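Inside the fold
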Amino acid sequence: MEQNIHCAQFLNAVYQNAKMGIDSLNTVIPMVNDSALAADLQTQLDNYNSTASAAAVKLNENQLAVKDNSAMSKVGLWASIKMNMLTDTSSSHIAESVIQGSNMGIIDMTKNLNRYPDLPDDVTSIGSQLVENEHNHIQRLKAYLK
């Protein structure tokens, strides 16, 4: 029973982390003028969608509820991004902002992986893959920093 609760908590953390990335990139991508950066961000968005889907499928398989981010957190995220991009929409600034968001996601997911070490591998692998994808995206986005 306790493992089921931990499984739900972990998978929802993965889902919410990926959804935060989806919401962020859906706000940022329309501001991008560099086609190469837009393509890299689209790849990252696709990875977030795959991760969110994998977490939701695993939750449904185990008859656990999917918990989305709150409407308030979504509005706060949107406002924060808009304010951050108000005066600078350069590729370098956008890449830096997305890297910072990815780093926050890595920290959050690493905490969750450490918090729930005894979950089945097919569950934790979704979170581990998210962390690995974030590291890869950061490496790609570093090329835009100036």
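Structural data are supplied above this passage.
This report concerns the structure included in the present document. Computed from a predicted model, the values in this text were never measured in an experiment.

What counts as what
- Residues numbered from 1 in each chain as written.
- Predicted model: local features only at pLDDT ≥ 70, side-chain atom pairs only at ≥ 80, totals over all residues.
- Heavy atoms only, no water.
- Salt bridge = Lys/Arg side-chain N within 4 Å of Asp/Glu carboxyl O.
- Helix = DSSP H or I, 4+ residues; strand = E, 2+ residues; numbered from the N terminus.
- Buried < 20%, exposed > 50% of the residue type's maximum accessible area, 1.4 Å probe, protein only.
- Phe/Tyr/Trp six-rings, centres within 6.5 Å; stacked < 30°, edge-to-face > 60°.
- Axes fitted to C-alpha atoms, helices over the stretch in contact; angles between N-to-C directions.
- Parallel < 35°, antiparallel > 145°, perpendicular 65-115°, else oblique.
- Left-handed = near helix turned anticlockwise from the far one by under 90°.
- Contact = heavy atoms within 4.5 Å.
- Nonpolar A, V, L, I, M, F, W, Y, C, P; charged D, E, K, R; others polar.

Let us now look at the pattern of salt bridges. Scanning the model with the defined rule gives three salt bridges in all. In this structure, Arg 140 and Asp 40 form a salt bridge, with 3.6 Å as the shortest nitrogen-oxygen distance. Here Arg 140 is found in helix α5 (residues 121-141), whereas its partner Asp 40 is found in helix α2 (residues 35-61), with 100 residues between them in sequence. A relative accessible area of 33% means that Arg 140 is categorised as partly exposed. Notably, a salt bridge pairs Lys 58 with Asp 122, separated by 2.7 Å at the nearest N-O pair. Residue Lys 58 is located in helix α2, and its partner Asp 122 is located in helix α5; the two are separated by 64 residues in the primary sequence. Residue Lys 58 is classed as buried on the basis of its relative accessible area of 14%.

Inspection of the entire model under this criterion finds one aromatic pair. Ring centres of Phe 10 and Tyr 116 lie 6.3 Å apart, and the angle between their planes is 80 degrees; this geometry places the pair in the edge-to-face category. Pair noted here: Phe 10 is in helix α1 (residues 2-28) and Tyr 116 is in the loop between α4 (91-115) and α5, with a separation of 106 residues, a long-range link. Residues Phe 10 and Tyr 116 agree in their burial class; the two are buried.

Attention now goes to the packing of α4 against α5. Taken N-terminus to C-terminus, the directions of α4 and α5 make an angle of 155 degrees; their axes are 9 Å apart at the nearest point. Looking at the two axes, α4 sits roughly antiparallel to α5. Here α4 runs over α5; the crossing is left-handed. Judged by residue contacts, Ala 95, Val 98, Ile 99, Ser 102, Asn 103, Ile 106, Met 109, Thr 110 and Leu 113 of α4 engage Thr 124, Gly 127, Ser 128, Leu 130, Val 131, Glu 134, His 135, Ile 138 and Leu 141 from α5. Taken together, the residues that form the contact of α4 with α5 break down as 10 nonpolar, seven polar and one charged.

Let us look at the environment of Trp 78. Looking at where Trp 78 falls in the secondary structure, it is placed in helix α3 (residues 71-84). The exposure class assigned to Trp 78 is partly exposed, which follows from its relative accessible area of 48%. The spacing of Trp 78 and Thr 27 is 51 residues in sequence and 6.8 Å in space, taken between C-alpha atoms.

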